[in-house]
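# Fold and contact review
So the chains spell out like this:
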Amino acid sequence: MSEHSHHGGGAPATAPDETPDRRAWVAPLISTVLTLPMGLVALFVAGLSPMACDSCNGAAADRFHDSWTVGWTVLWIGLLVALAVLIAAWAVPHRLRHAARRVGLALAAPATVVVAFVAFMALVDWP
């Protein structure tokens, strides 16, 4: 029998690295359920944060506004990166050999939101 023969009249044997992953959707789904609400909460909190300096005036208000603008930009870039990572987690082929890559991307998406929000909070010159 040749190397490419059928075993027992059934379908040809699938290469181990090309086996379909029936649970490929689990990690991206959990990541989506975590990442999207976290991103929205981060935007909400960051969007309300200018009220921290409502009573500020002069140089303190200028420092706060300038640093908030930089922090806001960093937050948006971080959230867009998190969205791209989340999309990549869904786009990874549904094969067992890609499971580690898919899980890694799924874990990276909410972690990116956290890092972006922490960077925002650190960049703002709070009054």
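The coordinates are above.
For the structure given in this document, a descriptive report is provided here. The structure presented is a predicted model; accordingly, all values stated were derived computationally and were not measured.

The rules behind each value
- Residues numbered from 1 in each chain as written.
- Predicted model: local features only at pLDDT ≥ 70, side-chain atom pairs only at ≥ 80, totals over all residues.
- Heavy atoms only, no water.
- Helix = DSSP H or I, 4+ residues; strand = E, 2+ residues; numbered from the N terminus.
- Buried < 20%, exposed > 50% of the residue type's maximum accessible area, 1.4 Å probe, protein only.
- Contact = heavy atoms within 4.5 Å.
- Areas by Shrake-Rupley, 256 points an atom, 1.4 Å probe, with all protein chains shown as cover.
- Expected span 1.5 Å × (residues − 1).
- Core = buried A, V, L, I, M, F, W, Y, C linked by side-chain atoms within 4.5 Å.
- Phe/Tyr/Trp six-rings, centres within 6.5 Å; stacked < 30°, edge-to-face > 60°.
- Polar contact = N/O pair within 3.5 Å; in protein donor to acceptor, adjacent residues only side chain to side chain.

## Concerning the overall build of the protein chain
- Counting its secondary structure elements, the protein chain contains three helices and zero strands.
- For the protein chain, the N- to C-terminal ordering of α and β elements is α-α-α.
- Among the 127 residues that make up the protein chain, the fraction classed as buried is 29%.
- Considering only intrachain contacts with a sequence separation of at least 6, the fraction spanning at least 24 residues in the protein chain is 78%.
- Looking at the protein chain as shown, the accessible area adds up to about 8,100 Å², and 71% of this sits on carbon and sulfur atoms.

## Here's the deal with helix H3 (residues 99-123)
- Over its 25 residues, H3 extends 36 Å from the first C-alpha to the last, a length consistent with the 36 Å expected when each residue adds 1.5 Å.
- Taken together, the buried positions of H3 are Arg102, Ala106, Ala109, Pro110, Thr112, Val113, Ala116 and Phe120.
- Lining the buried residues of H3 we find helix H1 (26-48) and helix H2 (59-91).

## Things to note about the environment of Ala122
- Its place among the elements puts Ala122 in helix H3.
- Taking the C-alpha atoms as reference, Ala122 lies 9.6 Å from Ser67; in sequence the two are 55 residues apart.

## Quick look at the nonpolar core
- Residues Phe64, Trp68, Leu75, Leu79, Phe120 and Val124 are the most contacted members of the largest nonpolar core, which totals 14 residues.
- Only H1, H2 and H3 provide two or more residues apiece to this core.
- Ranked by residues supplied to this core, first place goes to H2 with five residues.
- Once residues within four sequence positions are removed from consideration, Leu79 is found in contact with Gly39, Leu43, Val113 and Ala116.

## Quick notes on the packing of aromatic side chains
- What the rule picks out here adds up to five aromatic pairs.
- When the ring of Phe120 is compared with that of Trp126, the centres are 6.4 Å apart and the planes differ by 85°; the resulting orientation is edge-to-face.
- Residue classification places Phe120 among the buried positions, given a relative accessible area of 0%.
- Relative accessible area serves as the criterion here: at 32%, Trp126 is assigned to the partly exposed category.
- Three or more aromatic residues joined by ring pairs make a cluster, and in this case those are Phe64, Phe117, Phe120 and Trp126.

## Digging into the environment of Trp68
- Relative to the assigned elements, Trp68 resides in helix H2.
- Measuring from C-alpha to C-alpha, the distance between Trp68 and Ala46 comes to 8.8 Å, with 22 residues separating the pair along the chain.
- Not counting residues up to four positions away in its chain, the partners in contact with Trp68 are Ala46, Ser49, Pro50, Phe120 and Val124.
- Among the polar contacts listed, one links the side chain of Trp68 to the backbone oxygen of Ala46, at a separation of 3.2 Å.

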